[in-house]
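A closer look at the structure
The chain contents come next:
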Amino acid sequence: MLKIRRLGLRDAAGAARWDAFVQACPQATFFHRSGWQRLLHEVFRHQTFFLWAEDEHGIRGVLPLAHVHSVMFGQSLVSLPFAVYGGVAALDEAAAEALEQEAQQIARRLGVEHLEMRNVQRRHDDWPLQDLYVTFRKEILPDEEANMLAIPRKQRAMVRKGIKNGLQASIDPGIDRFFALYASNVHRHGTPAMPRRYFQALLETFGADAEVLTVTTAEGQPISSVLSFYFRDEVLPYYAGDDEAARDLAGNDFKYWALMQRACARGLKVFDYGRSKQGTGSYAFKKNWGFEPAPLHYEHRLYKRDAVPQNNPSNAKYQLLIKTWRRMPIGLANRLGPLIVRNLG
């Protein structure tokens, strides 16, 4: 008989069981790992509900959830804030349905406006869908030169330009260089920065499975950096930042090529470029690298609203925030950003 349990914040033994299941479950992703629970609670103060379904044979499915309060967009229960992928990861439909039923009961009890499942595959045809996002994934070939030749010609020329410019890539032990580039980058785009301690917590929580790669000029000046996640045989470059000089030096293309080289040398099989909004520069950049988009099925169970919330930059509320943020001094923006971004997950 299936039972639904909730993982405690201090339950080390339960977390170990949870992570062993996630590592083996085909539907699970990096964002199903138990470490997200404490991170979301301690950094963003979100109430979390990490649910698992089990029977006499062990864990059959998991569902990580967090309760998000937003002044702009109301309350929601999300699997999972700040994640590309989420929703249920289960071995069978019975476990998946039991977890979703429990999630809906929690959502009603909390009085949220909606429940959001960031699924890769569609599960409920009758749940409203946020179809704005796509993901980009591609096989990493075992031979480095084959990976280079798999990049379309124009983008490959940019990688070679970075090499010709003498750019160098190295792994950073901390987040200092990454955060400086990231914070400057998002400020130029009018977006609040995630708090510095969030990135530090990522490295501390996930250890070798969270890694910073930074690109420098031949003179040693940092111009581009990326924080990537590793899960099974995949690498997922997730947060990135660039100096304005990176454009002319091809630092961005060189950065992702250096990461692909590193992944190839480690024997990884999949390069996951993560999600992008359709019609954006990020979308076009990934397409130009030869990656094909695949839709993400972000399903919503609506309770106190009539339509899927548009908490993304296409929303007019976001546009006003973007214009204001670009004019704000970066020091002030970095102090205020964490207060805002925690509600935008």
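Structure report, in brief. No experiment lies behind these values; they were computed from the predicted model shown. (Residues numbered from 1 in each chain as written. Predicted model: local features only at pLDDT ≥ 70, side-chain atom pairs only at ≥ 80, totals over all residues. Heavy atoms only, no water.)

Moving on, we get to the overall build of the protein. When you go through the protein residue by residue, the secondary structure sums to 12 helices and 15 strands. Expressed as a percentage of the 345 residues in the protein, the buried residues total 53%. The long-range fraction of contacts in the protein, counting pairs at least 24 apart against all pairs at least 6 apart in sequence, stands at 72%. Counting only carbon and sulfur atoms, one obtains 51% of the accessible surface of the protein, whose full area is about 15,600 Å². (Helix = DSSP H or I, 4+ residues; strand = E, 2+ residues; numbered from the N terminus. Buried < 20%, exposed > 50% of the residue type's maximum accessible area, 1.4 Å probe, protein only. Contact = heavy atoms within 4.5 Å. Areas by Shrake-Rupley, 256 points an atom, 1.4 Å probe, with all protein chains shown as cover.)

Attention now goes to the sheet that holds strand β14 (residues 293-295). Spatial strand order, β9-β10-β11-β12-β13-β8-β14: seven strands in an open sheet with mixed pairing. The sheet is open, and its two borders are formed by β9 (168-172) and β14, each paired with just one other strand. Across this sheet, the average inter-strand angle for adjacent strands is 35°, counted without regard to direction. Note that strand β11 (residues 222-231) and strand β12 (residues 234-242) share eight bridges and pair antiparallel. Its bridge partner lying in β12, Ser225 is registered against Gly241. Docked against the sheet, helix α6 (residues 176-188) engages β9, β10 (210-216), β11 and β12, running at close to 65° with respect to β12. (Pairing = 2+ DSSP bridges. Axes fitted to C-alpha atoms, helices over the stretch in contact; angles between N-to-C directions.)

What follows covers the pattern of salt bridges. Scanning the entire structure with this criterion turns up 20 salt bridges. The residue Glu42 makes a salt bridge to Arg10 at a minimum N-O spacing of 3.8 Å. One end of the pair, Glu42, is in helix α2 (residues 35-44); the other, Arg10, is in the loop between β1 (3-6) and α1 (12-24), with 32 residues separating them in the sequence. In this structure Glu42 comes out as partly exposed when scored by relative accessible area, which is 34%. (Salt bridge = Lys/Arg side-chain N within 4 Å of Asp/Glu carboxyl O.)

Look at α2 against helix α7 (residues 196-206): their axes get within 10 Å of each other, and the N-to-C directions meet at 155°. With respect to each other, α2 and α7 are oriented roughly antiparallel. As α2 runs across α7, the sense of the crossing is right-handed. Taking contact as the criterion, the partners of Gly35, Trp36, Leu39, Glu42, Val43 and Phe44 in α2 are, on α7, Arg197, Tyr198, Ala201, Leu202, Thr205 and Phe206. Classifying every residue of the contact of α2 with α7 by side-chain character gives eight nonpolar, two polar and two charged. (Parallel < 35°, antiparallel > 145°, perpendicular 65-115°, else oblique. Left-handed = near helix turned anticlockwise from the far one by under 90°. Nonpolar A, V, L, I, M, F, W, Y, C, P; charged D, E, K, R; others polar.)

Time to look at the side chain of Thr48. With respect to the helices and strands, Thr48 occurs in strand β2 (residues 47-55). Owing to a relative accessible area of 4%, Thr48 belongs among the buried residues under this scheme. A polar atom in the side chain of Thr48 sits 3.0 Å from the side chain of Gln37. Apart from residues no more than four positions distant in its own chain, Thr48 is found in contact with Arg6, Leu9, Gln37, Leu40, Leu65 and Ala66. (Polar contact = N/O pair within 3.5 Å; in protein donor to acceptor, adjacent residues only side chain to side chain.)

This next bit is on the side chain of Ser276. Mapping Ser276 onto the fold places it in strand β13 (residues 270-277). Within the structure, Ser276 has its side chain in polar contact with the side chain of Ser282 (distance 2.7 Å). Excluding anything up to four places from it in sequence, Ser276 contacts Leu132, Tyr133, Val134, Phe136, Ser282, Tyr283 and Lys286.

Summarising the element assignment, Thr29 is placed in the loop between α1 and α2. The sequence separation of Thr29 and Gly86 amounts to 57 residues, and the corresponding C-alpha distance is 7.6 Å. Excluding anything up to four places from it in sequence, Thr29 contacts Val22, Tyr85 and Phe231.

Residue Ser79 is joined to Leu80 through a cis peptide bond whose omega torsion reads 10°. With respect to the helices and strands, the residue Leu80 is situated in the loop between β4 (74-79) and β5 (89-90). Its identity as a non-glycine residue notwithstanding, Arg45 has a phi of 60°, on the positive side. Its place among the elements puts Arg45 in the loop between α2 and β2. Although it is not a glycine, Ala250 sits at a positive phi angle of roughly 65°. Mapped onto the elements, Ala250 comes out in the loop between α8 (246-249) and α9 (251-265).

The next subject is the environment of Ala157. Following the sequence through the fold, Ala157 ends up in helix α5 (residues 153-164). For Ala157, a relative accessible area of 46% translates into the label partly exposed. Along the primary structure Ala157 and Asp253 are separated by 96 residues, whereas in three dimensions their C-alpha atoms are 9.5 Å apart.

Let us now look at α6. The end-to-end C-alpha distance of α6 is 19 Å, a good match for the 18 Å that 13 residues give at a rise of 1.5 Å each. Within α6 the residues assigned to the buried category are Phe178, Phe179, Leu181, Tyr182, Ala183, Asn185, Val186 and His187. The positive-phi residue at the C-terminal boundary of α6 is Gly190, with phi of around 80°. (Expected span 1.5 Å × (residues − 1).)

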